[in-house]
Amino acid sequence: MKYWLFKSEPSTWSWDDQVAKGDAGEEWDGVRNYQARNFMREMAIGDKGFFYHSQSEKAVVGTVEVIAEAHQDSKTDDERWECVDIKARRPAKTPVTLEQIKLDERLSNMVLVNNSRLSVQPVTQDEWHIICDLAGIET
């Protein structure tokens, strides 16, 4: 199993929007960055991810699960763009902010710290457990 982080502007697609989709989940569409797309191509059903609110909140607010592997993004006919489907798993009891992540030396190599603009990014197993612990999320 691999771990990931999915970033979204809450005004466009929020944690509450994701939760409302239930077990059916939703496409993680609209990604137009090759590196982020390539990360989605690496994902497998059952992989876990953090749902991260960008812009003003800048915090991990919950966890998601990949429920469909990479496929054509339904929002475009351009075959270069693919997406995965995800469903909400667990909310963060305490959102973990980017500031907290940057201050935690154990997370200093996290992609989020070093490439905060990438909308889909890998997370190591250690980073996963540290942030879940900080957020009060059972793994």
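The shown structure was predicted, so the numbers you read here are calculated from the model rather than taken from an experiment.

Colleague: Break down the layout of surface pockets for me, with residues and values.
Modeller: Considering only enclosed or pocket space, the largest pocket measures out at about 600 Å³ in volume. In terms of lining residues, the largest pocket is bounded by 22 residues, among which Lys7, Ser8, Glu9, Ser54 and Ser119 are the most central. For the lining of the largest pocket, the secondary-structure elements that each account for two or more residues are strand 1 (3–8) and strand 2 (26–27).

Colleague: Can you tell me about the environment of Glu69, naming the residues and giving the values?
Modeller: On the secondary structure map, Glu69 appears in strand 4 (residues 59–72). We classify Glu69 as partly exposed; its relative accessible area is 43%. Here Glu69 is in contact with Met43, Ala44, Ile45, Cys83 and Val84, once residues within four sequence places are set aside.

Colleague: Residues and numbers for the side chain of Glu27, please.
Modeller: Mapped onto the elements, Glu27 comes out in strand 2. Within the buried set, Glu27 has no salt-bridge partner at all; the shortest N-O distance to an opposite charge, 5.0 Å, is to Lys75. Not counting residues up to four positions away in its chain, the partners in contact with Glu27 are His71, Gln72, Asp73, Ser74, Cys83, Val84 and Asp85.

Colleague: Describe helix 5 (residues 125–135), naming the residues involved and giving the relevant values.
Modeller: Among the residues of helix 5, those classed as buried are Glu127, Trp128, Ile130, Ile131, Cys132 and Ala135. The secondary structure elements touched by the buried residues of helix 5 are strand 1, strand 3 (48–53), strand 4, strand 5 (82–97), helix 3 (98–103) and strand 6 (120–123). Where helix 5 terminates, the next one or two residues include Gly136, which has phi positive at roughly 75°.

Procedures and definitions
Numbering of residues begins from 1 in every chain and follows the order in which that chain's sequence is written. Only residues with pLDDT of at least 70 are given local features in this predicted model, and only at 80 or more are side-chain atom pairs given and counted; all residues enter the totals for whole chains, interfaces and linings. Note that the side-chain values use all heavy atoms of the structure and ignore hydrogens as well as water. Here a cavity denotes a set of grid points, spaced 1 Å apart and computed over the protein atoms alone, in which a 1.4 Å probe fits but from which it cannot get out, and a pocket denotes an open set meeting protein on both sides within 12 Å along at least five of seven lines; residues with an atom within 4 Å of a point are reported as lining. Grid points are joined across faces, edges and corners, and a volume is the space filled by probe spheres set on the points. Counting from the N terminus, the helices are DSSP H or I runs at least four residues long and the strands are E runs at least two residues long. Partly exposed describes any residue whose relative accessible area lies between the buried limit of under 20% and the exposed limit of over 50%, with all areas from a 1.4 Å probe on protein chains only and scaled to the type maximum. The contact criterion used is simple: two residues touch if any of their non-hydrogen atoms lie within 4.5 Å. We score Asp and Glu as negative and Lys and Arg as positive, and we do not count His or the chain ends. By convention in these notes, a salt bridge is any Lys or Arg side-chain nitrogen within 4 Å of a carboxyl oxygen on Asp or Glu.

By themselves, these figures tell us nothing about what the structure is for.
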